[in-house]
Amino acid sequence: MGKKILLCFGTRPEAIKMCSLVHQLRNSQFDVEVCVTAQHREMLDQVLSFFEIQPEYDLDIMKPNQSLNELCSRIFIKFDEVLNLVKPDLVLVHGDTTTSSVCAWAAFHKGIKVGHVEAGLRTYNKYAPFPEELNRQITGRIADFHFAPTQKSRENLISEHVSPKSIAVTGNTVIDSLLWTVNKLEKGFTNPKIDEIKSKVDFSKKVILVTGHRRENFGDGFLNICKALGNIASDENVEIVFPVHLNPNVQEPVMRLLSDYKNIHLFEPLDYPSFVWMMSQSYLIITDSGGVQEEAPSLGKPVLVMRETTERPEAVEAGTVCLVGTDAELIFSKANDLLRNNESYDNMSKSYNPYGDGKANEKILEFLIQNL
Ligand code: UD1
Ligand code: UDP
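Everything quoted here is computed from the prediction, not taken from an experiment.

### Some thoughts on the site of ligand 1
Around ligand 1 sit 25 residues, and of these His40, Glu42, Lys63, Asn65 and Glu132 come closest. Gln39 places a polar side-chain atom, nitrogen or oxygen, 2.8 Å from an oxygen atom of ligand 1. One of the backbone nitrogen or oxygen atoms of Lys63 is found 2.7 Å away from an oxygen atom of ligand 1. In isolation ligand 1 exposes 740 Å². Once the protein is present, 95% of that is buried. Listed by contribution, the elements that provide at least two residues to the shell around ligand 1 are helix H2 (42–50) and helix H3 (68–86). For the shell around ligand 1, the per-class residue count stands at nine nonpolar, 10 polar and six charged.

Dropping the structure here:
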């Protein structure tokens, strides 16, 4: 019997970034099992279905409008039972969610090794992103193996006295998943959602894709975002496509303030291939998402990031991503500039891939073969 690896994840972005790794590891000498916490339900299931992954364990913990402490306590209790059953040699977690830090911590309590995929990203501001910055730091303290997507994330870990031998720079698995999906789309993959979007959105106009969900933007931040989008939509040559995150703190203001615009199209969260297709068809992306900041530069799409700070500075430095916070005026004026000024647009729309070459999963496997 090979060594046993248990991969744990619970939200949409973790699933997108871990499912291609599950396939890579299942095709290796390791004995591989998957546990989803289901911190997200529908948005997780969309991804599992596209990547054809059936988890061995599903903790099914999501509750409407869950608090962070409820979430932690449910994961601790239910994941403990899974660890008792599986007895893995290694638990692999991803990124900065409550699922990843609690699963890492629970494994540590049982003396089980932890590998952290997407390690070493930092803002060093514990309130932005909240609670993700601290989640990621906690998992970084616990982990035995660190899979850093870039040199910069490796340097962050080294500066925190993490042993260089325990770090591998792999690129981000998000690019593996993205390239795999783009390839499927190029070979003709389609689905009813893509057809629905085509029937509702006028693609002869400039299409802006929007997403948002950060906790630190709840309240005034989202009110400002809606105001900015309303102003941008006053230009009839623009179409806005906004798949609205299922968090009630996002649903409520967005549905209340943006439902009545004929050129703002609100959708339920899109399944992953439909979202990738939508990114490829967009003129500009406005988001507070971490994953979208990594994907869009690979597709050559400019991104306005509705955050004050980012743990993903590589694309900002390359000029393809610009931080605009949640100031309604600034979002409007930057978007307006990109809609009207070709030079500004060309400067930001270079195709650039600081986050990987699609081989992150292979590199993670190689490291595990040598070190586990
Ligand atoms: C979570 C992560 C965040 C990640 C984001 C990705 C934490 C603390 N937050 O934030 O790091 O960037 O996911 O999207 O780990 N809901 C549903 N169905 C779903 C998903 C969510 O109804 O499929 C609703 C529920 O009411 C749920 C609420 O959204 O209680 C919040 O979900 P939660 O995972 O706590 O926070 P997110 O804002 O989604
Ligand atoms: N995404 C998706 N459908 C959507 C919006 C986003 O599949 O309607 C994908 C997107 O391609 C990216 C990931 O979800 O890979 C980002 O998730 P999210 O913004 O929720 O979380 P974050 O990356 O900020 O943690």
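### Description of the pattern of salt bridges
Inspection of the entire model under this criterion finds 23 salt bridges. The partner of Glu252 in a salt bridge is Arg256, and the shortest N-O contact between them spans 2.7 Å. On the criterion of helical spacing, the pair formed by Glu252 and Arg256 is a turn pair, its members being four residues apart in helix H10 (residues 248–258). Look at Glu252 and you get partly exposed, because its relative accessible area is 43%. Where Glu294 meets Arg312, a salt bridge forms, and the shortest distance between an N and an O atom there is 2.4 Å. With Glu294 in helix H12 (residues 290–298) and Arg312 in the loop between strand S12 (303–305) and helix H13 (313–318), the pair connects residues that are 18 residues apart, well separated along the chain.

### Looking at the side chain of Arg214
Relative to the helices and strands, Arg214 is located in the loop between strand S8 (206–211) and helix H9 (220–232). Within the structure, the side chain of Arg214 is placed 3.3 Å from the side chain of Glu132, a separation counted as a polar contact. In this view, Arg214 contacts Pro129, Glu132, Phe222, Asp288, Ser289, Gly290 and Arg307; residues no more than four positions away in its chain are not counted.

### Here's the deal with the layout of surface pockets
What the second largest pocket holds in volume is close to 260 Å³. Taken together, 15 residues line the second largest pocket, and the ones lying closest to its centre are Cys72, Pro131, Leu134, Asn135 and Ile138. Residue assignment for the lining of the second largest pocket shows that the elements contributing at least two residues are H3, helix H4 (98–109) and helix H5 (132–142). Residues that form the lining of the second largest pocket fall into these classes: 10 nonpolar, four polar and one charged.

### Quick look at a nonpolar patch on the surface
Taken together, the side chains of Trp105, Phe108, Leu134 and Ile138 define a hydrophobic patch exposed on the protein surface, amounting to about 360 Å² of accessible area. Listing elements by their share of the nonpolar patch, those giving two or more residues are H4 and H5. Judged by its relative accessible area of 48%, Phe108 is partly exposed.

### Some points on the site of ligand 2
Of all residues adjacent to ligand 2, which total 15 residues, the nearest are Leu270, Ser289, Gly290, Gly291 and Glu295. A distance of 2.8 Å separates an oxygen atom of ligand 2 from a polar side-chain atom of Arg12. Relative to its unbound accessible area of 540 Å², ligand 2 is 95% covered by the protein chains. Within the residue set of the shell around ligand 2, elements represented by two or more residues are helix H1 (12–26), helix H11 (272–281) and H12. For the shell around ligand 2, a count of residues per class yields eight nonpolar, four polar and three charged.

### A few points about the packing of aromatic side chains
Throughout the structure, instances matching the rule amount to 13 aromatic pairs. Ring centres of Tyr283 and Tyr345 lie 4.0 Å apart, and the angle between their planes is 15°; this geometry places the pair in the stacked category. Taken as a pair, Tyr283 in the loop between H11 and strand S11 (284–287) and Tyr345 in helix H15 (residues 342–348) lie far apart in primary sequence, 62 residues in all. Tyr345 sits in the buried class, given a relative accessible area of 13%. In this structure an aromatic cluster arises from ring pairing among Phe50, Phe51, Trp180, Phe189 and Tyr272.

Rules of the game
Residues numbered from 1 in each chain as written. Chains lettered and ligands numbered in written order. Predicted model: local features only at pLDDT ≥ 70, side-chain atom pairs only at ≥ 80, totals over all residues. Heavy atoms only, no water. Near = heavy atom within 4 Å. Polar contact = N/O pair within 3.5 Å; in protein donor to acceptor, adjacent residues only side chain to side chain. Areas by Shrake-Rupley, 256 points an atom, 1.4 Å probe, with all protein chains shown as cover. Helix = DSSP H or I, 4+ residues; strand = E, 2+ residues; numbered from the N terminus. Nonpolar A, V, L, I, M, F, W, Y, C, P; charged D, E, K, R; others polar. Salt bridge = Lys/Arg side-chain N within 4 Å of Asp/Glu carboxyl O. Buried < 20%, exposed > 50% of the residue type's maximum accessible area, 1.4 Å probe, protein only. Contact = heavy atoms within 4.5 Å. 1 Å grid on protein atoms, 1.4 Å probe; cavity = no way out; pocket = protein on both sides within 12 Å on 5 of 7 lines; lining within 4 Å. Points joined across faces, edges and corners; volume = space filled by probe spheres on them. Patch = residues over 30% accessible without salt bridge, like charges linked within 9 Å, V, L, I, M, F, W, Y side chains within 5 Å. Phe/Tyr/Trp six-rings, centres within 6.5 Å; stacked < 30°, edge-to-face > 60°.

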